[in-house]
2 protein chains.
Amino acid sequence: MKLPLGFQFAGVSTGIKSKPGARDVALVVSDQPCTIAGVFTTNQVVASPVVISRTRCPGQNLRGIVINSGNANACTGDQGYADAQQMCSLAAEAVEKQSGVSVSADQFLVMSTGIIGHHLPMNKIEKGIYSAAENLCRSEDGFMATSDAIMTTDLTRKIGHRSMIISGKEFAMVAMAKGAGMIGPKMATMLGIIVCDVPLTSEQAQVMLQYAADRSFNCISVEGHMSTNDSLVLMSPAPDSHSSPIDSNDLMRFRDVLTELCIELAKMIPDDGEGATHLMEIEVSGSSSDEDATAIAKNVAMSNLVKTAIFGGDPNWGRIVSATGYAGVPIVTNALALSLNGYDLFAGGQPLKFDAKAVSRSIRENRNTLIKLTVGDGDGRATHWTSDLGC
Amino acid sequence: MKLPLGFQFAGVSTGIKSKPGARDVALVVSDQPCTIAGVFTTNQVVASPVVISRTRCPGQNLRGIVINSGNANACTGDQGYADAQQMCSLAAEAVEKQSGVSVSADQFLVMSTGIIGHHLPMNKIEKGIYSAAENLCRSEDGFMATSDAIMTTDLTRKIGHRSMIISGKEFAMVAMAKGAGMIGPKMATMLGIIVCDVPLTSEQAQVMLQYAADRSFNCISVEGHMSTNDSLVLMSPAPDSHSSPIDSNDLMRFRDVLTELCIELAKMIPDDGEGATHLMEIEVSGSSSDEDATAIAKNVAMSNLVKTAIFGGDPNWGRIVSATGYAGVPIVTNALALSLNGYDLFAGGQPLKFDAKAVSRSIRENRNTLIKLTVGDGDGRATHWTSDLGC
């Protein structure tokens, strides 16, 4: 894995997580003032780290992100807000101490994930931030340590990378994500951090990230409960005299690479849902708009009846078809069609004869289940990924 | 139980359900042309019985309802529509044969519940309707037989009754309901039938029923998957020369009695949810409108994270509080307050100290869990009932 130039990573263990040695404080730091764009939870009950970070995004004069896991610093009132601010101050001080370059608290974003309603153990956090600053490095090990330090109930590390050539020069993009436990002991939060060395203005970065998020992290669900802490950021060098922003053609290519990487990581989240035995992909087409298709795909994905049917290897098309009808958007019922793992189960608004045993076998024998729904003859289309649900 | 005058009931076994002797075809018939109001599923994927019944509601020249369980006649295309029409024709013929009075098919409503995507076994249905017509009676036994014949995965019969005095005369109101299996082998459908001997115009009946439904059957959820067949009807004598419609004061009293009875029955549905160990009552107040409170209460009720916490006896206020924030309606986060079974867990947007063991014990030792949420200082309020979720 080629890491993007100009960024350093660190993840250390401070004892916030109960598991001995588990990493729980991390830093991602840019050598130079950098661009960071962000997309955050729309829950009105929002954690202090998000309140602080979203005011700084997008920005072109930022330096990095400080992250802790094991405690979400959510629903913690004024003290929680002060603690989140303090994390930024500590990160700035620690990085300034290591680099010798002046860094201010408002050049840092902050992310927290873990249990909610408990105040942060600031003594551990402080030690952890200083320790992370000392361990900052440009190696794959540092990147992996950071990826581990953002996890909570995740069973698997969620990382990915891409490279792309722009004007004959190779650029790198790396990404890490965490979340979201199905019905775990803790509040499930999604965090995602993408770092690249393609120079972007803050406006470019924000537009690219929102585009990619709308097709990836905004198209997944596990249990459908929206977190107070969800945060996704894109870090890149700010254009300067040495690095001009990329042109519009390259930007479209960049957008596609970014979206592809975001989809790759986003799918890992429901695939790692607690107790999940299937990653379900729900493709809706034929609606009058992409937004309508998104609403229908999400409605099907959120149905416990659909999720339990897939868990049980049951090609119960009735549950799937009926879930298309109450998403609050129009469908053409006599154009309704459904295929499951390539088997046609329903068409023209009526059930088809099919080999139920073969379809059931195909569900049981594959980790991925592909549900394709046609809801009319419009051009709208969308894809949503979710996990199944055991009972 | 005093049955309303002028109505007959029957429920018979025809073998649509696999369990031997299980009743699966029913009739509710008025001696005279009567008023029937109806509230139906808003799912666009809607079963033929609903398509037919809703065109006849509200009406004042109706004679009854024909019902079958074991097969929902949903997603069955043109044949399904013809079968539902045929059920009305058969009911009219059979009742005409028994009563000697002329009855037409369009004086009947039809309801079906059970598996979807299968054509009705019309030979069994026909025999069942004729048998039910022969068994029509004014006894409690007939009412109980009908209540049993509408059930599918229900573990318990869901019935209730009220009486009221209007102008010195006693009137009776009886109700039956079925649904909705949690994660059962069949599509969950809610059916409800309320019969009274208070003379009502079709407009009065429709307004009363909608009012009651909005505070009862529209305020419950089990798994949140909207059925293709949900139907709730109110039957009453049509006013004539012998029975004038009741005045507005009495109508308000009637409305309250009807609403109370509907709430009583509606709560039985999540209480009977498959695998449910708690009936959760979620009261929201302080929103700017009742509609907003309804949206928040429903959002909390639909959260699998909240439902599994209650199943586990876990006073996880974080899951409950965070579910108020993404219902798409405004809340005042620093006015947020939560009590659970009378214990205050959260107030002024911050967690309170509480005896977690005592709250947990109170959840475990009571079938009912009362969640009270304040989301601001507005006058909006709503209540929603749901079942918990095992894992």
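What comes next is a walk through the structure. (Residues numbered from 1 in each chain as written. Chains lettered and ligands numbered in written order. Predicted model: local features only at pLDDT ≥ 70, side-chain atom pairs only at ≥ 80, totals over all residues. Heavy atoms only, no water.)

## Quick look at the sheet that holds strand 15 (residues 380-387) of chain B
Residue and element names in this part refer to chain B. Which entries qualify depends on this criterion: A strand pair is defined by DSSP finding two or more bridges across the two strands. Here a helix means four or more residues in a row that DSSP labels H or I, a strand means two or more in a row labelled E, and each is numbered from the N terminus.
The sheet built from seven strands is open, its strands ordered 8-15-10-14-11-12-13 with mixed pairing. Pairing within the sheet leaves two strands with one partner each, and these edge strands are strand 8 (220-221) and strand 13 (350-351). Sheet topology note: the strand 8/strand 15 ladder contains two bridges and is parallel. Within strand 15, the position partnered with I220 by the bridge is W385.

## Considerations on the pairing of strand 5 (residues 158-166) of chain A
All names here are of chain A. Across nine bridges, strand 5 lies against strand 6 (residues 169-178) in antiparallel orientation. Paired with I165 across the strands is E170, a residue of strand 6. Hairpin connection between strand 5 and strand 6: a loop of two residues separates the two successive antiparallel strands, and S167 in this loop has a positive phi of roughly 50 degrees.

## Some points on the relation of the copies chain B and chain A
This is how the line gets drawn: The atoms used to superpose the copies are C-alpha atoms, taken from residues with pLDDT of at least 70 in both, and the fit is least squares. Working rule for contacts: check all heavy atoms of both residues, and any pair within 4.5 Å makes them a contact.
Relative to chain A, chain B is turned by 180 degrees and slid 0.0 Å along the rotation axis, the superposed coordinates differing by an RMSD of 0.0 Å. This pairing of chains is accounted for by a two-fold axis. Here 100% of the interface residues in chain B have copies in chain A that are interface residues too; the copies meet face to matching face.

## A few points about the interface of chain B and chain A
Applicable threshold: In this description, buried area is defined as the sum, over both parts, of the accessible area (probe of 1.4 Å) that is lost when the two are combined. N or O atoms closer than or at 3.5 Å make up a polar contact, with two conditions inside protein: a donor-capable atom paired with an acceptor-capable one, and, for residues adjacent in sequence, both atoms drawn from side chains. Ten residues, namely Ala, Val, Leu, Ile, Met, Phe, Trp, Tyr, Cys and Pro, are considered nonpolar, four, namely Asp, Glu, Lys and Arg, are considered charged, and the remaining ones, Gly among them, are considered polar.
Counting residues at the interface gives 45 residues for chain B and 46 residues for chain A. The largest per-residue losses of area from chain B upon contact with chain A belong to B:Q44, B:H225 and B:L305, which jointly make up 19% of the total buried on that side. The interface formed by chain B and chain A holds 17 residue pairs in polar contact (both at pLDDT 80 or more) in total. Listed by contribution, the elements that provide at least two residues to the side of chain B that touches chain A are helix 2 (77-99), helix 8 (304-311), helix 9 (317-323) and strand 13 of chain B. With six residues, helix 9 of chain B is the single largest residue contributor to the side of chain B that touches chain A. Residues of the side of chain B that touches chain A, tallied by class, amount to 21 nonpolar, 20 polar and four charged.

## What to know about the pattern of salt bridges
Residues and elements named next belong to chain A. Cut-off, in case you're wondering: A side-chain nitrogen of Lys or Arg and a carboxyl oxygen of Asp or Glu constitute a salt bridge if their distance falls within 4 Å. For every residue, the accessible area obtained with a 1.4 Å probe (protein chains only) is divided by the maximum for its type, and the residue is called buried under 20%, exposed over 50%, and partly exposed between those limits.
Here the structure, examined in full by the defined rule, presents 18 salt bridges over all chains. Between R253 and D250 there is a salt bridge, with the nearest N and O atoms lying 3.1 Å from each other. Of this pair, R253 and D250 both sit in helix 6 (residues 248-271), three residues apart, which is roughly one turn of the helix. Given a relative accessible area of 39%, R253 falls into the partly exposed group. Its salt-bridge partner being R367, residue D271 comes within 2.8 Å of it at the nearest N-O pair. One end of the pair, D271, is in helix 6; the other, R367, is in the loop between helix 10 (356-365) and strand 14 (368-374), and 96 residues separate them in sequence.

## A short note on helix 8 (residues 304-311) of chain A
Residue and element names in this part refer to chain A. In terms of residue burial, helix 8 counts as a mostly covered element, since seven of its eight residues are buried. Burial in helix 8 covers these residues: N304, L305, V306, K307, T308, A309 and I310. Positive backbone phi, at 65 degrees, marks G313, one or two positions downstream of helix 8.

## Considering the packing of helix 1 (residues 48-55) of chain A against helix 2 (residues 77-99) of chain A
Packed helices, taken two at a time, are described by the angle between their axes plus the distance between the axes. All names here are of chain A. Applied cut-off: Angles here are taken between N-to-C directions and fall from 0 to 180 degrees, while the axes themselves are lines fitted to C-alpha atoms, restricted in helices to the stretch in contact. What sets the label is the angle itself: under 35 degrees gives roughly parallel, over 145 gives roughly antiparallel, 65 to 115 gives roughly perpendicular, and the rest give oblique. Whether a crossing is left-handed or right-handed is set by the direction in which the near helix is turned from the far one by less than a right angle, anticlockwise for left-handed and clockwise for right-handed.
Between helix 1 and helix 2, whose axes approach to 8 Å, the crossing angle comes to 50 degrees. Comparing the axis directions of helix 1 and helix 2 gives the class oblique. Helix 2 is crossed by helix 1, and the crossing has right-handed handedness. Contacts between helix 1 and helix 2 involve S48, P49, V51 and I52 from the former and G77, G80, Y81, A84, Q85 and C88 from the latter.

## Quick look at the layout of surface pockets
Residue and element names in this part refer to chain A. The line we're drawing: With a 1 Å grid laid over protein atoms only, a set of points is called a cavity when a 1.4 Å probe fits there but cannot get out and a pocket when it is open yet has protein on both sides within 12 Å along at least five of seven lines; lining residues have an atom within 4 Å of a point. Grid points are joined across faces, edges and corners, and a volume is the space filled by probe spheres set on the points.
Size it by volume and the second largest pocket reaches roughly 530 Å³. What lines the second largest pocket is a set of 25 residues, among which K169, D197, P199, P237 and S243 lie closest to the centre. The greatest single-element share of the lining of the second largest pocket, amounting to four residues, is contributed by strand 2 (residues 25-40). For the lining of the second largest pocket, a count of residues per class yields eleven nonpolar, seven polar and seven charged.

## A look at the packing of aromatic side chains
Using the following cut-off: The pairing test for Phe, Tyr and Trp rings, Trp by its six-membered ring, is centres within 6.5 Å, and the orientation test on the planes gives stacked under 30 degrees, edge-to-face over 60, and tilted for anything in between. Sitting over a ring, as applied to charges here, requires NZ of Lys or CZ of Arg to be within 6 Å of the ring centre and within 35 degrees of the ring normal.
Tallied over the entire structure, the rule returns four aromatic pairs over all chains. When the centroid spacing of 5.4 Å and the interplanar angle of 85 degrees are considered together, the rings of A:F9 and A:F143 count as edge-to-face. On the criterion of sequence distance, the pair formed by A:F9 in strand 1 (residues 7-12) and A:F143 in helix 4 (residues 140-149) is long-range, its members being 134 residues apart. When its relative accessible area of 1% is taken as the criterion, A:F143 is described as buried. The ring of B:Y211 carries the charged tip of B:R255 above its face, separated from the ring centre by 3.8 Å.

## Description of the pairing of strand 12 (residues 343-347) of chain A
All names here are of chain A. As defined by bridge partners, strand 11 (residues 337-340) adjoins strand 12 across three bridges and the pair is classed as antiparallel. Counted as the bridge partner of L338 is F346 from strand 12. Summarising the sheet, strand 12 and strand 13 (residues 350-351) pair through two bridges and their orientation is antiparallel. Among the inter-strand pairings, A347 is bridged to a residue of strand 13, identified as Q350. Joining the antiparallel neighbours strand 12 and strand 13 is a turn of two residues, in which G348 adopts a positive phi near 55 degrees.

## Considering the sheet that holds strand 12 of chain A
Two orientations exist for strands paired in a sheet by backbone hydrogen bonds: parallel and antiparallel. Residues and elements named next belong to chain A. Taken together, the seven strands give an open sheet; going across it, the order is 8-15-10-14-11-12-13, and neighbouring strands pair in mixed fashion. One side of each edge strand has no neighbouring strand; the edge strands of this open sheet are strand 8 (220-221) and strand 13. Contacting strand 8, strand 10 (279-287), strand 14 and strand 15 (380-387), helix 7 (residues 290-302) crosses the sheet at an angle of about 25 degrees to strand 15.

## As for the environment of B:V306
Along the chain, B:V306 falls in helix 8. You can call B:V306 buried: its relative accessible area is 1%. In sequence terms B:V306 and B:A133 are 173 residues apart; their C-alpha atoms lie 47 Å from each other. Apart from residues no more than four positions distant in its own chain, B:V306 is found in contact with A:H225, B:M280, B:V300, B:R319, B:I320, B:A323 and B:I371.

## Describing helix 10 of chain A
If you check which residues of helix 10 of chain A are buried, you get A:A358, A:V359, A:S360, A:S362 and A:I363. Turning to helix 10 of chain A, the residues buried within the fold contact helix 8, strand 11, strand 12 and strand 14 of chain A.

## A short note on the side chain of B:S227
All names here are of chain B. When you line up the elements, S227 lands in the loop between strand 8 and strand 9 (231-237). According to the relative accessible area criterion, S227 is buried, its value standing at 1%. Here D230 takes part through its side chain, which lies 3.4 Å from a polar atom of the side chain of S227.

## Focus: unusual backbone geometry
Here the amide bond leading from A:C57 into A:P58 is cis, since omega sits at -5 degrees, within 30 degrees of zero. The residue A:P58 is located in the loop between helix 1 and strand 3 (59-71) in this model. Of note, the phi angle at A:N73 is positive, near 45 degrees, even though the residue is not glycine. Within the secondary structure, A:N73 is located in the loop between strand 3 and helix 2. Owing to a relative accessible area of 0%, A:N73 belongs among the buried residues under this scheme. Even without being glycine, B:N341 reaches a positive phi, approximately 50 degrees. Checked against the element boundaries, B:N341 lands in the loop between strand 11 (337-340) and strand 12 (343-347).

None of the figures reported here should be taken as evidence of function without further support.
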